[in-house]
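For reference, the chains in residue letters:
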Amino acid sequence: MRLSRLFGETLREAPADAEFISHQLLVRAGYIRQLGAGIFSYLPLARRVMDKIENIMREEMNAIGGQELTMPVVHPAEIWKETGRWYQIGSEMGRMKDSTGRDMVLAMTHEEVVTDLVRDIIHSYRQLPALIYHIQTKWRDEPRSRGGLIRVREFTMKDSYSLDRDWEGLDKQYWAHYQAYFNIFNRCDLPTIAVESDVGMMGGKQAHEFMYLTPIGEDTLVLCDACGYTANRQVATFRKPEPEPEEPKPLEKVPTPDTKTIEDLANFLGIPQSKTAKAVFMVATITEGQEDVQKFVFAVVRGDMDLNETKLANAVKAKELRPAHEEEIKAIGAEPGYGSPIGIKRENVIVVVDDLVTKSPNLVAGANEEGYHYLNVNYGRDFTADIVADIVAAADGYACPECGAPLRTVRGVEVGNIFKLGTRYSAAMGALFQDKDGTRKPVIMGSYGIGVGRLMASVVEEHHDDYGIIWPITIAPYQVHIVALKGGYDVAEQLYQALQDAGVETLFDDRTEPSPGEKFNDADLIGIPLRLTVGGRSLKKGGVELKRRAEKDIALVPVDEVVARVQQEIEVMTEAIMAKVRGDAT
RNA sequence: CGGGGAGUAGCGCAGUUCGGUAGCGCGCUUGGUUUGGGUCCAAGAGGUCGUCGGUUCGAAUCCGGCCUCCCCGACCA
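Residues numbered from 1 in each chain as written. Chains lettered and ligands numbered in written order. Predicted model: local features only at pLDDT ≥ 70, side-chain atom pairs only at ≥ 80, totals over all residues. Heavy atoms only, no water.

Moving on to the overall build of chain A. Scanning chain A from N- to C-terminus turns up 16 helices and 31 strands. In chain A, which comprises 586 residues, the share counted as buried stands at 54%. Pairs at least 24 apart in sequence give 71% of the contacts found in chain A among residues at least 6 apart. Across chain A, the 68 positively charged side chains and the 88 negatively charged ones have centroids separated by 2 Å. (Helix = DSSP H or I, 4+ residues; strand = E, 2+ residues; numbered from the N terminus. Buried < 20%, exposed > 50% of the residue type's maximum accessible area, 1.4 Å probe, protein only. Contact = heavy atoms within 4.5 Å. Lys, Arg positive; Asp, Glu negative; His and termini not counted. Charge placed at Lys NZ, Arg CZ, Asp CG, Glu CD.)

Rendered as structure tokens:
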């Protein structure tokens, strides 16, 4: 490709609204343009990177038995009503009507379509297992997109779906994906870790997220350096400290003016925060039968710990969970800032108590009266719970659930995820097969996704310097970038031709107007892994200059050896990445 | 949805306080110059100042509504 003809241009300055490095560089280097919030065009350079990424995905999916197909972006709402997600999912789902007034859905994922295909096509256990996938557009109307390509509303995803007759089969395909995903990320030279995760709106049994660790990440992960335990903070557990046993003391109401926070309270009474109980008021939307009902959720955790809303939502099987308004809190007889489950109204209220609170004696808790707390509150004697569960968020320094060593929290970007769905969709939609014994059973499913654009942006976050992007050879839009300078244009033309004939993907900066400095800067910005500088100066010295984008060294290569030398460099760089892939695969 | 910020030429910005009919740098076009890390000179093109309405002799500027984008939070395969 001749740079003079390339559709797209480099910018000296990044748009003011680009905050993340990947966003700035991808815009400045001419890869992407924004159309609206979370909606982007992908220019020819980005298209080529995405093609490379998608082909890596295809190879890894095909290697574990995947078959590629294409499913539609627009779905009749009926199938989403069949699984209930039409009702469960809120504004994140794109809905519209066709010209006859029928409800339609913009694809946010494809379980429903897959399941519809399965009930159409799969009849017998002989057709299982199977694995199908496609790479296609998704629309998720995120309340807030951000960070360039890190979180968008319209995006391309590789999503695959495993179909099995039994749970062993699902397990096998699940772990095959687990390894295939590491292969994909490693081939893109993106370091990732897998963490246990919440099943969220997908439902199902088990899930992992693949995380690229970076401070700009939106997810908080909990890691144990000692034993390797990893989990998304949403589901991370930890070993709770065993409270000192004490004889229960009599309940006592004391004035505690201006102690609306746990910190104030602990300071006022001169006790550690671990000797207090904290009330958190939420309102949950819970599906009961066909309808959604709102329930007040009264959560109690120890004062020194934070509520984990995902755990709480799972404990009460909530579809939605939001903080309660002050009027709602007062309506049940509680007082914000001085709340406790003692003496509140219990109808339509779910009291959820963290399991550690039930074992902690003589806590200080609110008296549901402005300016007063109770001393020596004990679970069982003074209050009870509808649900006792672990509802506390893991934090830095807490004990690892596996080995007890201190946990560490880090931020990460979720670049992929895998889910054991089980029969949630097949049962709901009647996707049954006849097993060997003649019985009809729902197909056991898994679903697996990787966002292409987010992966591309993550690679830029990981591989760049002050001057621009540094693409890994495996997904670079071109393999070599020829910079032609004065006195070298004819030779550059010949090399461009020769490299293309040899099958080397070449970007040729044939522009005559820009100064050498501009051309070098553009080359650095665009980030092609190899650069060939062809100019009168080096030709006089006997060749052209070959430089890796990632390194400073420049090699002088005789013109007639350039093609072979470039091919060799590509091979070496590719091999370096593939060695990592194989290393992680063992 | 709550909080904050911003919409002026392709990009980055000034001008708004105190109303007088729009400017700078980069980019773009043309000519010259220069040619190994964003040369220099000159001449140009390009903007209904997000939008609708109001106040006024006169609005980028004051007032009101709306739209859009960004950041933080809520939310989130």
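RNA strand B sits among 45 residues. The nearest are T109, R144, S515, D524 and E545. Counting only atoms of RNA strand B within 4 Å of the protein, the fraction found in sugar and phosphate groups is 52%. Within the side chain of Q34, one N or O atom sits 2.8 Å away from a phosphate oxygen of RNA strand B. In this structure, S515 approaches RNA strand B through a side-chain N or O atom, which is 2.5 Å from a phosphate oxygen. (Near = heavy atom within 4 Å. Polar contact = N/O pair within 3.5 Å; in protein donor to acceptor, adjacent residues only side chain to side chain.)

Attention shifts here to the pairing of strand β2 (residues 39-42). Here strand β1 (residues 32-36) runs beside β2; their pairing, made up of four bridges, is antiparallel. Looking at β2, one finds that I32 is bridged to Y42. Connecting β1 to the antiparallel partner β2 that follows it, the hairpin turn spans two residues, and G38 within it adopts a positive phi of roughly 70°. (Pairing = 2+ DSSP bridges.)

This brings us to the environment of V352. By secondary structure assignment, the location of V352 is in strand β17 (residues 349-354). Looking at V352, the relative accessible area reads 0%, which means it is buried. Remark: the alpha-carbon pair of V352 and V316, spanning 36 residues in sequence, is separated by 8.2 Å. Contact partners of V352, with chain neighbours within four places excluded, come to V297, F298, A299, V300, L312, V316, I387 and I391.

Sheet faces and side chains relate simply in a regular strand, where the side chains alternate between the two faces. For strand β27 (residues 480-484), a buried count of five out of five residues is recorded, marking the element as mostly surrounded by other parts of the structure. Side chains V480, I482 and A484 of β27 all project onto a buried face; the interleaved residues H481 and V483 project onto the opposite face, where all are buried too. Sheet topology places β27 next to strand β28 (residues 506-509); four bridges connect them, and they run parallel. Paired with V483 across the bridge in β28 is D509. One crossover worth recording links β27 to the parallel β28 by way of helix α13 (residues 489-501), and it is right-handed. (Right-handed = clockwise from strand over helix to strand, strands pointing away.)

The next point concerns the pattern of salt bridges. Pairs may arise between side chains of opposite charge once their charged atoms sit close together. Tallied over the full model, the rule gives 46 salt bridges. Residue D435 is joined to R165 by a salt bridge in which the shortest nitrogen-to-oxygen separation is 2.8 Å. With D435 in the loop between β22 (432-434) and β23 (440-442) and R165 in the loop between β8 (154-164) and α6 (167-187), this residue pair connects regions lying 270 residues apart in the sequence. A salt bridge links R531 to D524; the shortest N-O distance between them is 3.8 Å. For R531, a relative accessible area of 12% corresponds to the buried category. Each of K240, K311, D354, D355 and D390 takes part in salt bridges that share partners, so that together they form one network. (Salt bridge = Lys/Arg side-chain N within 4 Å of Asp/Glu carboxyl O.)

The next point concerns unusual backbone geometry. Looking along the chain, the bond that leaves L128 and enters P129 is cis, with omega of 0°. The residue P129 is located in the loop between α5 (111-121) and β7 (130-139) in this model.

Below, the discussion takes up the nonpolar core. Residues L26, Y31, I53, Y181, L455 and W471 are the most contacted members of the largest nonpolar core, which totals 58 residues. Here the element with the most residues in this core is helix α2 (residues 44-63); it accounts for eight residues. Composition of this core by domain shows at least three residues from each of domain 1 (31-192 + 422-461) and domain 3 (475-585). The contacts of Y181, once residues within four sequence positions are left out, are M61, K158, S160, F210, G416, N417, I418, Y448, G449 and I450. Ranked by size, the runner-up nonpolar core spans 32 residues in total, among them V222, I286, A299 and A318. (Core = buried A, V, L, I, M, F, W, Y, C linked by side-chain atoms within 4.5 Å. Domains from an automatic or database assignment.)

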